[in-house]
Amino acid sequence: MPSVCACVLTRNRSALLAECLDGLRAQIHPVACVIVVDNDSTDDTPQLLAARDDVEAVRLEENRGGAGGYAEAVRLGRETGADWLWLMDDDAEPRPDALERLLSSPAAADPGTAVLCGTVEQPDGEIELLHRGFVGRFMRSLDADAYRPGEQPELGFASFVGFLVRGDVARALELPRAEFFIGCDDVEYSIRARSHGAIRLVPESVIVHKLGMGGGAPTRRSRFWNRVLGGAWTSASWPGFWKQLFALRNFVWIRQRHAHLSPLAFAGLTAAYVVKSLMYDERPLRRIPWILRYARNGRRGDFSGPGPAEWAAMTRNG
């Protein structure tokens, strides 16, 4: 049986983490080991992990964001020598047959496959489309009708929610880019993984994602435009807007690094983010200067900027 090391990233969500770990323990195809990287949690997560003897817990002394946390998780997972590394957040819970369905798929037996991933569902059973898709001028989600049982379509990227990468591929790649902090680190890692083989979806394998991507909440405006355009985007709250800014910066950097981004293409990409904010966000005019700033930072490879604590202090009165 192929050996699988599950690598879980957590921060301040101990109840969800417990459900994730229980889901891993219930897998029909057992995982060989579970590594939990605690991103400097301030709740009772350390106590929860100390009470469990079925995981290897590693605590980071500072919050390194999703990208920094996954960089450490992949580094530790590679050292186990496992055949596969299975990455996920603490708010994800795989169904008991999720891993078995991935590894028993024809795509798993194909040496040309570098990464496998399953369907990401919300708790109500609806597919969360933003997790699987393609990278071009923009990121495009895989259509819902492509999630057909018995087929394993090739993808351009997959999020780290249920990302099953071959161990030898992970050991050949550089780690996820910790400087991203959060946002599009999985997209950039996917692009590099594809140089070693295909990323394939196994629709029958399901992992439940309990918190929406990006933490946004639907608004009247977002519901209207999603109906018109057939999208699944949400509006980020002003206190959480820094996450979208980081994702914008990082995606611009990806386009600059992995594809030719001409001045005209850069202007078009930035304008698209401005239009998206006008369409989806509450009070978008105050966001546009930040969008312009972070798009420019991405083009320059400037990863500085206010993190979550600094952003909270800046926006507390706004």
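About the cut-offs
- Residues numbered from 1 in each chain as written.
- Predicted model: local features only at pLDDT ≥ 70, side-chain atom pairs only at ≥ 80, totals over all residues.
- Heavy atoms only, no water.
- Helix = DSSP H or I, 4+ residues; strand = E, 2+ residues; numbered from the N terminus.
- Rg over C-alpha atoms; globule rule 2.2 N^0.38 Å.
- Buried < 20%, exposed > 50% of the residue type's maximum accessible area, 1.4 Å probe, protein only.
- Contact = heavy atoms within 4.5 Å.
- Areas by Shrake-Rupley, 256 points an atom, 1.4 Å probe, with all protein chains shown as cover.
- Lys, Arg positive; Asp, Glu negative; His and termini not counted.
- Charge placed at Lys NZ, Arg CZ, Asp CG, Glu CD.
- Axes fitted to C-alpha atoms, helices over the stretch in contact; angles between N-to-C directions.
- Left-handed = near helix turned anticlockwise from the far one by under 90°.
- Nonpolar A, V, L, I, M, F, W, Y, C, P; charged D, E, K, R; others polar.
- Polar contact = N/O pair within 3.5 Å; in protein donor to acceptor, adjacent residues only side chain to side chain.

(A) Representation of the overall build of the chain within the structure. A tally of regular secondary structure across the chain gives twelve helices and twelve strands. Since a compact globule built from 318 residues should have a radius of gyration of about 20 Å, the 19 Å found for the chain is in line with a globular shape. With the C-alpha coordinates of the chain rotated into their principal frame, the extents come out at 55 × 40 × 35 Å. Across the 318 residues of the chain, 52% fall into the buried class. Long-range pairs, those at least 24 residues apart, make up 74% of the contacts in the chain with a sequence separation of at least 6. Just so you have it, the chain exposes about 14100 Å², and 53% of that area is on carbon and sulfur atoms. Put simply, the chain has 38 plus and 40 minus side-chain charges, and the middle of one group is 9 Å from the middle of the other.

(B) Structural context of the packing of helix 9 (residues 241-258) against helix 11 (residues 288-300). Viewed as axis vectors pointing N to C, helix 9 and helix 11 meet at an angle of 35°, and their least axial separation amounts to 7 Å. Like other packed secondary-structure pairs, helix 9 and helix 11 cross with a definite hand, here right-handed. Across the interface between the two elements, Phe241, Leu245, Phe246, Leu248, Arg249, Val252, Trp253 and Gln256 of helix 9 pack against Trp290, Ile291, Tyr294, Ala295, Asn297, Gly298 and Arg299 of helix 11. Split by residue class, the contact of helix 9 with helix 11 holds ten nonpolar, three polar and two charged.

(C) Expanded view of helix 7 (residues 185-193). Burial runs high along helix 7: eight of the nine residues are buried. Residues of helix 7 that are buried: Asp185, Asp186, Val187, Glu188, Tyr189, Ser190, Arg192 and Ala193.

(D) Inspection of the side chain of Asp91 at higher detail. Its place among the elements puts Asp91 in the loop between strand 4 (84-89) and strand 5 (92-94). In terms of polar contacts, Asp91 uses its side chain to reach the side chain of His209, at 3.0 Å. Leave out the neighbours within four places in its chain, and Asp91 touches Arg13, Leu16, Val208, His209, Lys210 and Leu211.

Nothing here speaks to function; it is geometry throughout.
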